[in-house]
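Letter by letter, the chains look like this.
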Amino acid sequence: MDTKINQAKVLLSQSYFNLFAIPQEFKVDLNLLQQKYLDLQRQFHPDNYITSYSESKAIILNLSAHINQGYTTLTNPLLRGILLLNLNGDNFDLSIDTKLPNTFLLEQMELHEEISEANDTNDVIKLELLEKDIEFKEKQVIDDIDSKFIAKDYVMAKELLKKLKFYTRLKDTIIMALEN
């Protein structure tokens, strides 16, 4: 049991990429990540440590939270990109660094208006078309982000992550509209 607790302490200190033993790259093999996530959860699930001392339980609970947060971060391209920037010494904060070209912002406003109009008129077909269009743009931006990380062009990666944030929000807005 002490070996598991010592191993848990080591895992708690690792970055999410090291935790899941995957390359520190923007593109992630999501199937491999899920497999490693499930393996870690099986090994360190808090239910397996019910009879442990309270200090050991606390370590395992912290590790379980670390595993869950790591999985959430690495499966989300936006969060993964921000993590990579931070790991490369750039303390990027999307809530502060929001400046984007006016042409992009105008495009976002137009898309937002189209979504709003389609939602107001219950035009499901229009919403689904907009969703596909935004998913296409989102995929293009994700591919561009990957190429910028490969080239270690972190300045452009940041700009693209800001755009990705907008596309992600628009897609979420459409999904909520379609669910109502």
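Model, not experiment: these values are computed from the prediction. (Residues numbered from 1 in each chain as written. Predicted model: local features only at pLDDT ≥ 70, side-chain atom pairs only at ≥ 80, totals over all residues. Heavy atoms only, no water.)

K.L.:
What is the right way to look at the packing of helix H1 (residues 2-12) against helix H4 (residues 54-75) in this model?
P.N.:
The angle between the axes and the distance between the axes are what describe a pair of packed helices. Here H1 crosses H4 at 40°, and the two axes come no closer than 9 Å. With respect to their mutual orientation, H1 and H4 come out oblique. The way H1 lies across H4 gives a crossing that is left-handed. Touching Ile5, Ala8, Lys9, Leu11 and Leu12 of H1 are Ser56, Ile59, Ile60, Asn62, Leu63 and His66, all from H4. (Axes fitted to C-alpha atoms, helices over the stretch in contact; angles between N-to-C directions. Helix = DSSP H or I, 4+ residues; strand = E, 2+ residues; numbered from the N terminus. Parallel < 35°, antiparallel > 145°, perpendicular 65-115°, else oblique. Left-handed = near helix turned anticlockwise from the far one by under 90°. Contact = heavy atoms within 4.5 Å.)

K.L.:
I'm lost on a negative patch on the surface in this one. Help?
P.N.:
There is a patch of like negative charges on the surface, built from Glu110, Glu113, Glu117 and Asp120. Here Glu110 lies in helix H6 (residues 102-120). (Patch = residues over 30% accessible without salt bridge, like charges linked within 9 Å, V, L, I, M, F, W, Y side chains within 5 Å. Areas by Shrake-Rupley, 256 points an atom, 1.4 Å probe, with all protein chains shown as cover. Salt bridge = Lys/Arg side-chain N within 4 Å of Asp/Glu carboxyl O. Lys, Arg positive; Asp, Glu negative; His and termini not counted. Charge placed at Lys NZ, Arg CZ, Asp CG, Glu CD.)

K.L.:
What exactly am I supposed to notice about the confidence of the model for the protein chain here?
P.N.:
Considering every residue of the protein chain, the mean pLDDT works out to 93; 98% of them sit at 70 or more. In the model of the protein chain, H1 stands out as the element of lowest mean pLDDT, 87, in contrast to helix H2 (residues 16-19), which has the highest, 98. (pLDDT = per-residue confidence, 0-100.)

K.L.:
Even after reading the chapter, I still don't get the pattern of salt bridges, so can you show me in this structure?
P.N.:
Side chains that differ in sign of charge can pair as their charged atoms come close. This model, assessed by the stated rule, comprises 10 salt bridges. Between Lys171 and Glu138 there is a salt bridge, with its nearest N and O atoms 2.9 Å apart. Here Glu138 lies in helix H7 (residues 124-150) and Lys171 lies in helix H8 (residues 154-179), a separation of 33 residues in the sequence. On the basis of relative accessible area, Lys171 is assigned to the buried category, the value being 19%. With its nearest N and O atoms 3.0 Å apart, the salt bridge here joins Lys162 to Glu159. Pair noted here: Lys162 and Glu159 are both in helix H8, with a separation of three residues, about one helical turn. With relative accessibility at 3%, the residue Lys162 sits in the buried group. Judged by relative accessible area, which is 26%, Glu159 ranks as partly exposed. Each of the salt bridges in this network shares a partner with another, and the network as a whole consists of Lys27, Lys139 and Asp143. (Buried < 20%, exposed > 50% of the residue type's maximum accessible area, 1.4 Å probe, protein only.)

K.L.:
When you look at the nonpolar core in this model, what are you seeing that I'm missing?
P.N.:
Most often, soluble globular proteins keep nonpolar side chains buried together rather than apart. The biggest cluster of nonpolar side chains holds 47 residues, and the ones touching the most others in it are Leu19, Phe20, Phe44, Ile67, Leu74 and Ile145. Where this core is concerned, the elements lending two or more residues are H1, H2, helix H3 (30-44), H4, helix H5 (77-87), H6, H7 and H8. For this core, the element with the highest residue contribution is H8, accounting for eight residues. (Core = buried A, V, L, I, M, F, W, Y, C linked by side-chain atoms within 4.5 Å.)

K.L.:
Explanation requested: the packing of aromatic side chains in the structure shown.
P.N.:
Under the defined criterion, the tally for this structure stands at five aromatic pairs. Ring plane angle 90° and centroid distance 5.6 Å describe the contact between Phe104 and Tyr167, whose orientation is recorded as edge-to-face. Here the residue Phe104 occupies a position in helix H6, and Tyr167 occupies one in helix H8, the gap between them amounting to 63 residues. You'll find Phe104 and Tyr167 in the same group, each marked buried. Taking the centre distance of 5.9 Å and the plane angle of 50° together, the rings of Phe149 and Tyr154 count as tilted. (Phe/Tyr/Trp six-rings, centres within 6.5 Å; stacked < 30°, edge-to-face > 60°.)

K.L.:
Looking at this model, I keep getting lost on the environment of Asp143. Mind explaining?
P.N.:
Locating Asp143 in the fold gives a position in helix H7. The class for Asp143 is partly exposed, based on a relative accessible area of 30%. Placed 26 residues apart in sequence, Asp143 and Glu117 show a C-alpha to C-alpha distance of 30 Å.

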